[in-house]
Every structure is written in structure tokens, then in C-alpha cells.
Amino acid sequence: MENKEFQFKTNLNCGGCVSKVQSDLDNVEGICHWNVDTDHVDKILTVKSDGITEKEVVAIVKSKGFKAEILKG
């Protein structure tokens, strides 16, 4: 499967919020890199996919009690 880049609008406001999803995003198969721009007004989560789907990323973030909305590029 080809690598893709997904972006999500989130409510991950700070390093503490990001740390709550870090373990899951670091350890799930199908993500080769991810980061959250907490300085951006929409708290953009960028995921470089190596097989994971957008819906799976949303489910991971939501399972930790945060919101993630797929941004169409």
C-alpha cells in the first residue's frame, strides 16, 4: 500500500493532551510518522500512513477522549 498523509482537526490543545494519545499512535501498525501542531487554531494532527485508514486514526483519538475530524485536502 502506498504511503499517504492524512490531516485531522483535533482538540489536542497541549503537550499533556498529545501525550495521552502518543502511546497508541506510536505503537499502532500502519503509522510511520505523526505530529500535532498545537499552535495552529485547529490543532492539526498530521499522520503519515503506511496502511492505517483515516477512520482508524479517528477511532484511536476518540478512544482517548478527544475529537478528530478528517480534513479533506
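Remember, predicted model here, so these are calculated numbers, not experimental data.

Q: Explain the pairing of strand S3 (residues 44-49) to me, and be specific about the residues and the numbers.
A: With five of its six residues buried, S3 lies for the most part within the structure. By the bridge criterion, six bridges tie strand S1 (residues 4-10) to S3 in an arrangement that is antiparallel. Residue pairing for S3: Phe8 is matched across the bridge by Leu45. Here six bridges tie strand S2 (residues 31-37) to S3, and the two strands are oriented antiparallel to one another. Paired with Val36 across the strands is Leu45, a residue of S3.

Q: Can you break down the sheet that holds S2 residue by residue, with the values?
A: Taking strand neighbours across the sheet as the criterion, the four strands line up as S2-S3-S1-S4 in an open arrangement whose pairing is antiparallel. The two strands at the open ends of the sheet, each matched to only one other strand, are S2 and strand S4 (68-71). For this sheet, the mean inter-axis angle between neighbouring strands, taken without regard to orientation, is 25°. Strand contacts of helix H1 (residues 15-27): S2 and S3, with the helix running at about 170° to S2, the strand carrying the most contacts. Helix-sheet contacts for helix H2 (residues 54-63) involve S1, S3 and S4, and the interaxial angle to S4 is about 155°.

Conventions and cut-offs
- Residues numbered from 1 in each chain as written.
- Predicted model: local features only at pLDDT ≥ 70, side-chain atom pairs only at ≥ 80, totals over all residues.
- Heavy atoms only, no water.
- Buried < 20%, exposed > 50% of the residue type's maximum accessible area, 1.4 Å probe, protein only.
- Helix = DSSP H or I, 4+ residues; strand = E, 2+ residues; numbered from the N terminus.
- Pairing = 2+ DSSP bridges.
- Axes fitted to C-alpha atoms, helices over the stretch in contact; angles between N-to-C directions.
- Contact = heavy atoms within 4.5 Å.

The values reported here are purely geometric and, on their own, carry no functional implication.
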